[in-house]
Amino acid sequence: MGNRRRIRLEDLAGWGFILPLMTGLLLFRLYPLVESLRLSFYHTNGVMETWAGWDNYRYLLRDEDFWEALRNTLVLGGIGMAISIPGSLVLATWIHSARWGRTFFRAVYFLPNITSMVAVAVVFQFLFYPTDQGLINYVLTGWGVPAQGWFADPDTSKLAVALMGVWHGIGYSILIVLAGLQSVPSELYEAAAIDGAGPIRRWWHVTLPGVRPILVFLLITGIISAMRRFNDVWMIGGEAGNPGGSLSTLMLYIYRVGFHSFELGKASAAAYLLFVVVFLLTLAHFRLIQFQRRE
């Protein structure tokens, strides 16, 4: 009887320890998800509500601003991943093969990742200032290249923001690839060297297949992160995604519709469309990982 009572008291103590966490999850995770789903079927400004059914979703599928935000999100994510994934692979390979300073270079490349995006945006606005007074344009004009508009020009704003995002986040990707490189058996490199393979062939036939699951992981997580892009484009282009809406992403669209126009029903519907896209991409990630394991 005493043992049972002790077990029950220990169980109660355990539940007491996790109660604050469970309460936070219910109040700040589960409840907003359920309430957002409910609001997506209403015309509401947060005070008054009328039933809308699927009207909010139909509106979004016909809204040119929504599709423009989706295109901008995909383009920004595509540019960023096209630079960051190959770049992180090359830099991680170089750090992995370095004979000295590995810890130093890991710290140096990861340092931007812990820097505030506000500070990063301020620095890059100086670097990409749209006249020859900006550092990048100063260098370009010295090489005979005309000064670019960068953040002030719709034609170059996406590239500038993507470069800023790559600089801020590539350190994380480098650490992930480094972990993958360390898991590749050294015996494979030795066998390839005995067979007469040079450094490039060893990198192509041993290193790349060894880190392929890592690259798939970075690809899928990069797409998911791109779909949730908000901080950097907000700091540069404001809620409108200026210049000319070229930096308007899905998250900015949701923010603008929900907290500027106070159309919370449409904003909730857009958030759930984004949720569906992210969920499908996450599911694809797990499928690809399982496929890699089967191979």
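Above this text is the structure in question.
Attention in this report is confined to the structure presented alongside it. (Residues numbered from 1 in each chain as written. Predicted model: local features only at pLDDT ≥ 70, side-chain atom pairs only at ≥ 80, totals over all residues. Heavy atoms only, no water.)

With that settled, consider the pattern of salt bridges. The final tally for this structure, using the stated rule, is six salt bridges. Among the ionic pairs, Arg38 bridges to Glu35, the shortest N-O distance being 2.7 Å. In this pair, Arg38 and Glu35 both sit in helix H1 (residues 2-39), three residues apart, roughly one turn of the helix. On the basis of relative accessibility, which here comes to 21%, the residue Glu35 falls in the partly exposed class. For Arg38, the salt bridge is made with Glu49, and the minimal N-O distance between the two is 3.0 Å. Residue Arg38 is located in helix H1, and its partner Glu49 is located in strand E2 (residues 49-51); the two are separated by 11 residues in the primary sequence. Where salt bridges share partners, they join Glu35, Arg38 and Glu49 into one cluster. (Salt bridge = Lys/Arg side-chain N within 4 Å of Asp/Glu carboxyl O. Helix = DSSP H or I, 4+ residues; strand = E, 2+ residues; numbered from the N terminus. Buried < 20%, exposed > 50% of the residue type's maximum accessible area, 1.4 Å probe, protein only.)

Okay, the side chain of Ser246 next. For Ser246, the location among the structural elements is in the loop between helix H10 (231-237) and helix H11 (250-260). In terms of polar contacts, Ser246 uses its side chain to reach the side chain of Ser157, at 2.8 Å. Setting aside anything within four residues of it in sequence, one finds Ser246 in contact with Asn72, Pro154, Ser157, Lys158 and Gly241. (Polar contact = N/O pair within 3.5 Å; in protein donor to acceptor, adjacent residues only side chain to side chain. Contact = heavy atoms within 4.5 Å.)

So, about unusual backbone geometry. Omega for the peptide link from Asn242 to Pro243 comes to 10 degrees, which places this bond in the cis form. With respect to the helices and strands, Pro243 occurs in the loop between H10 and H11. A positive phi angle is found at Trp150, which is not glycine, with a value near 50 degrees. Mapping Trp150 onto the fold places it in the loop between helix H6 (135-142) and helix H7 (157-182). Assessed through its relative accessible area of 8%, Trp150 is described here as buried. The phi angle at Phe262 is positive, at roughly 55 degrees, despite the residue not being glycine.

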